[in-house]
Amino acid sequence: MESLNSLSVDIARAIDHEASIDLWDRYRRGERNVFTRRLYTLKGQQTFDEIQNKYRSDPEFHSAVDLYCRDFEKLLRDVSRSDRDNMMTQTYLTSDTGKVYTMLAHASGRLR
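So, here is what we can say about the structure in this document.

1. What to know about the overall build of the protein chain
Part 1 of the argument: Within the protein chain, the secondary structure is distributed over 6 helices and 0 strands.
Part 2 of the argument: Moving toward the C terminus, one meets the helices and strands of the protein chain in the order α-α-α-α-α-α.
Part 3 of the argument: Projected onto the principal axes, the alpha-carbon positions of the protein chain cover approximately 40 × 25 × 25 Å.
Part 4 of the argument: Sequence separation of 24 or more characterises 71% of the internal contacts of the protein chain that already satisfy a separation of 6 or more.
Part 5 of the argument: In the structure as shown, the protein chain presents an accessible area of about 6,600 Å², 48% of it carried by carbon and sulfur atoms.
Part 6 of the argument: Here the protein chain contributes 18 positively and 18 negatively charged side chains, and the mean placements of these two sets differ by 5 Å.

2. Structural notes on the nonpolar core
Part 1 of the argument: By size, the foremost hydrophobic cluster in this structure holds 28 residues, and its most contacted members are Phe35, Ile51, Tyr101, Met103 and Leu104.
Part 2 of the argument: Mapped by element, the contributors of at least two residues to this core are helix H1 (2-14), helix H2 (17-28), helix H3 (42-57), helix H4 (59-80) and helix H6 (96-107).
Part 3 of the argument: Ignoring any residue separated from it by four or fewer positions in sequence, one finds Met103 in contact with Ile11, Ala14, Ile15, Tyr40, Gly44, Thr47, Phe48 and Ile51.

3. What to know about the side chain of Thr94
Part 1 of the argument: Position of Thr94 among the secondary structure elements: in helix H5 (residues 87-94).
Part 2 of the argument: Take Thr94: its relative accessible area is 11%, and that puts it in the buried class.
Part 3 of the argument: Excluding anything up to four places from it in sequence, Thr94 contacts His17, Ser20, Ile21 and Lys99.

4. Observations regarding unusual backbone geometry
Among all residues save glycine, negative phi is the norm, and among peptide bonds the norm is trans.
Part 1 of the argument: A positive phi angle, near 60 degrees, is found at Asn33, a position not held by glycine.
Part 2 of the argument: Structurally, the position occupied by Asn33 is in the loop between H2 and H3.
Part 3 of the argument: On the accessibility criterion, Asn33 (59% relative accessible area) is exposed.
Part 4 of the argument: Despite not being glycine, Asn86 shows a phi value in the positive range, around 65 degrees.
Part 5 of the argument: Position of Asn86 among the secondary structure elements: in the loop between H4 and H5.

5. Structural notes on H4
Part 1 of the argument: Taking 1.5 Å of rise per residue, 22 residues should cover 32 Å, and H4 covers 31 Å from first to last C-alpha, within 8% of that figure.
Part 2 of the argument: Three or more residues of H4 are buried, namely Phe61, Ala64, Val65, Asp66, Tyr68, Cys69, Phe72, Glu73, Leu76 and Val79.
Part 3 of the argument: Of the residues flanking the start of H4, the one acting as N-cap is Asp58, its side-chain oxygen 3.0 Å from the backbone nitrogen of Glu60.

6. Structural notes on the packing of H4 against H6
Part 1 of the argument: Contact geometry of H4 with H6 gives a least axis separation of 10 Å together with a crossing angle of 125 degrees. Considering their axes alone, H4 and H6 lie oblique with respect to each other. The chirality of how H4 crosses H6 is left-handed. Every residue of H6 that contacts H4 at Val65, Tyr68, Cys69, Phe72 and Glu73 is listed here: Thr97, Gly98, Val100, Tyr101, Leu104 and Ala105.
Part 2 of the argument: Here the residues of the contact of H4 with H6 sort into 8 nonpolar, 2 polar and 1 charged.

Criteria and cut-off values
Residues numbered from 1 in each chain as written. Predicted model: local features only at pLDDT ≥ 70, side-chain atom pairs only at ≥ 80, totals over all residues. Heavy atoms only, no water. Helix = DSSP H or I, 4+ residues; strand = E, 2+ residues; numbered from the N terminus. Contact = heavy atoms within 4.5 Å. Areas by Shrake-Rupley, 256 points an atom, 1.4 Å probe, with all protein chains shown as cover. Lys, Arg positive; Asp, Glu negative; His and termini not counted. Charge placed at Lys NZ, Arg CZ, Asp CG, Glu CD. Core = buried A, V, L, I, M, F, W, Y, C linked by side-chain atoms within 4.5 Å. Buried < 20%, exposed > 50% of the residue type's maximum accessible area, 1.4 Å probe, protein only. Expected span 1.5 Å × (residues − 1). Polar contact = N/O pair within 3.5 Å; in protein donor to acceptor, adjacent residues only side chain to side chain. Axes fitted to C-alpha atoms, helices over the stretch in contact; angles between N-to-C directions. Parallel < 35°, antiparallel > 145°, perpendicular 65-115°, else oblique. Left-handed = near helix turned anticlockwise from the far one by under 90°. Nonpolar A, V, L, I, M, F, W, Y, C, P; charged D, E, K, R; others polar.

Next up, the structure:
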């Protein structure tokens, strides 16, 4: 979990904010396969590769990523129950925490 915490700041900076908003809008409207490496800055693409490799090779990191993603997805489900216009959901998804979720979920294969 400590390595995940240390990556969080790098991950948040590695994602283009405007692209993140656009991709989440498209994904939530039903479009699939929108999450590609183009979402990330050049440094972010390197971070993505490192996370993906570590996810595949380090069981402890794998578990930490899965737990983070499950917890964030639960938060989104809870928020969406009373979020009729999806503004709170959008805010969470495009926050730094949401950007961390986006990269971790993408690198682990949860998002495509």
